[in-house]
Amino acid sequence: MTESWKKKIDARIAEEERMRLLKIKLDEIARKAQEQEKNQRQIRELGNKFQCCVCGKRAVKPLAIYNETRECVGMREFSHFVWTTPGDLCICKICKQWACSDHIYQEICQNCAEKL
Ligand SMILES: [Zn+2]
Ligand SMILES: [Zn+2]
């Protein structure tokens, strides 16, 4: 039979452990919220910087960089995002402006195509 003063110590240790885990959980939630906020800010900034030169559609995706995995040729593994380049707009080879997939064809935007 455990003596009551020892039980008290056990209870205290259990409580401390509970608080420690709770703090870890709260920190994790705060970190995720912060990350999400940062991500949304970066998307806003990307959209401010890059728009389709034909319809004005804003970029919402950064350029994603993939690595070829060594084990399996042709398989690509996500590496990182490039926040200074949009991933959903292409650059026109004539006017050097960005255009969305609806307004670029063979690397030439609709604006430039109409002037051809
Ligand atoms: Zn467009
Ligand atoms: Zn163009």
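Model, not experiment: these values are computed from the prediction.

Around the zinc ion (ligand 2), the protein contributes the donor atoms Cys92 (SG), Cys95 (SG), Cys109 (SG) and Cys112 (SG), at 2.3 Å from the metal centre. Every donor counted, the 4 donor atoms about the zinc ion (ligand 2) form angles of 104 to 115 degrees at the centre, which fits tetrahedral coordination. Summarised as a motif, the one-chain spacing of the donors to the zinc ion (ligand 2) is C-x2-C-x13-C-x2-C. With a gap of 14 residues between them, Cys95 in the loop between strand E3 (89–91) and strand E4 (98–100) and Cys109 in strand E6 (residues 108–109) connect regions that are remote in the sequence. With relative accessibility at 0%, the residue Cys109 sits in the buried group.

Cys52 (SG), Cys55 (SG), Cys100 (SG) and His103 (ND1) make up the full set of protein donors to the zinc ion (ligand 1), lying at 2.0 to 2.3 Å. Classification of the site at the zinc ion (ligand 1) rests on its 4 donor atoms, whose angles at the metal span 97 to 119 degrees, yielding the label tetrahedral. On the basis of relative accessible area, Cys52 is assigned to the buried category, the value being 4%.

A cluster of nonpolar side chains, contributed by Met19, Leu22, Leu26 and Ile29, occupies part of the molecular surface with about 380 Å² of accessible area. Structurally, Ile29 can be placed in helix H1 (residues 4–49). Under the relative-accessibility criterion, Ile29 is labelled exposed at 53%.

With respect to the secondary-structure elements, Ser79 resides in strand E2 (residues 76–86). On a C-alpha basis, the gap between Ser79 and Gln34 in space is 21 Å, while along the polypeptide they are 45 residues apart. The contact partners of Ser79, leaving out residues within four places of it in the chain, are Ile65, Tyr66 and Asn67. Within the structure, Ser79 has its side chain in polar contact with the side chain of His80 (distance 2.7 Å).

About the thresholds
Residues numbered from 1 in each chain as written. Chains lettered and ligands numbered in written order. Predicted model: local features only at pLDDT ≥ 70, side-chain atom pairs only at ≥ 80, totals over all residues. Heavy atoms only, no water. Donors = N, O, S within 2.8 Å, 3.2 Å for Na, K, Ca; no water. Tetrahedral: all angles 85-135°; square planar, octahedral: opposite > 155°, others 65-115°. Helix = DSSP H or I, 4+ residues; strand = E, 2+ residues; numbered from the N terminus. Buried < 20%, exposed > 50% of the residue type's maximum accessible area, 1.4 Å probe, protein only. Patch = residues over 30% accessible without salt bridge, like charges linked within 9 Å, V, L, I, M, F, W, Y side chains within 5 Å. Areas by Shrake-Rupley, 256 points an atom, 1.4 Å probe, with all protein chains shown as cover. Salt bridge = Lys/Arg side-chain N within 4 Å of Asp/Glu carboxyl O. Contact = heavy atoms within 4.5 Å. Polar contact = N/O pair within 3.5 Å; in protein donor to acceptor, adjacent residues only side chain to side chain.

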